[in-house]
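Tertiary structure, described
Here are the chains, one letter per residue:
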Amino acid sequence: MKGDRVEIVVDAGDTTRTYEVVASRAGRRVETAVRRGVVEVSEVTRSGSVVRTARFMATRVLALVEQPVPREDATERPLPETP
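Heads up: these notes are all about the structure in this document. What you see is a predicted model, and the numbers here were worked out from it, not measured in a lab.

Adjacent strands of a sheet pair through backbone hydrogen bonds, lying either parallel or antiparallel. If you trace the three strands from one edge of the open sheet to the other, you get 2-1-6, paired in antiparallel fashion. If you trace the sheet from one side to the other, it starts and ends with strand 2 (16–22) and strand 6 (61–67), each paired once. Averaged over all pairs of adjacent strands, the angle between strand axes in this sheet comes to 15°, irrespective of strand direction. Here strand 1 (residues 5–11) pairs with strand 2 via seven bridges, running antiparallel. Note on strand 2: the bridge partner recorded for Val6 is Val21.

Once that is clear, we can look at the sheet that holds strand 4 (residues 38–44). With respect to topology, three strands assemble into an open sheet ordered 3-4-5, the strand pairing being antiparallel. Of all the strands in the sheet, just strand 3 (29–35) and strand 5 (50–57) have a single pairing partner and so form its edges. The mean inter-strand angle of the sheet, taken between neighbouring strand axes irrespective of direction, is 20°. Sheet analysis places strand 3 next to strand 4, joined by seven bridges and oriented antiparallel. Residue pairing across strands places Val30 opposite Glu43, the latter belonging to strand 4.

Along the chain, Arg28 turns up in the loop between strand 2 and strand 3. Relative accessible area serves as the criterion here: at 16%, Arg28 is assigned to the buried category. Looking at Arg28, its side chain comes within polar contact range of the side chain of Glu43, at 3.4 Å.

Our next topic: the pattern of salt bridges. In total, this model carries eight salt bridges according to the counting rule given. Where Arg5 meets Glu7, a salt bridge forms, and the shortest distance between an N and an O atom there is 3.2 Å. The exposure class of Arg5 is partly exposed, given its relative accessible area of 30%. What emerges from the salt-bridge pattern is a single network uniting Arg5, Glu7 and Glu20.

Definitions and limits used
Residues numbered from 1 in each chain as written. Predicted model: local features only at pLDDT ≥ 70, side-chain atom pairs only at ≥ 80, totals over all residues. Heavy atoms only, no water. Pairing = 2+ DSSP bridges. Helix = DSSP H or I, 4+ residues; strand = E, 2+ residues; numbered from the N terminus. Axes fitted to C-alpha atoms, helices over the stretch in contact; angles between N-to-C directions. Buried < 20%, exposed > 50% of the residue type's maximum accessible area, 1.4 Å probe, protein only. Polar contact = N/O pair within 3.5 Å; in protein donor to acceptor, adjacent residues only side chain to side chain. Salt bridge = Lys/Arg side-chain N within 4 Å of Asp/Glu carboxyl O.

Note that all results are geometric; they support no functional claim without further evidence.
Put into structure tokens, the structure is as follows:
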């Protein structure tokens with residue numbers, strides 16, 4: 001969903017660096033996976049095709065913050081009033 005965002009804080013030796021992966025278009029989402037000591041953050045289309053991927057060594061990742069866009073749930077919408 002457009003607006004999904006993941007921030008990754010990485011130890012870069014004497015300092016830290018922050019990276020962001022954002023779902024840049026409508027219908028895309030950001031997925032996170034940890035595999036074999038590597039953290040992968042990917043922007044994915046509706047059909048499941050990966051648009052771009054950021055990879056980081058898991059031992060260097062200090063923080064991984066997922067910030068999904070607020071989604072409107074059908075149960076939270078007010079019902080229309082009947083006359």
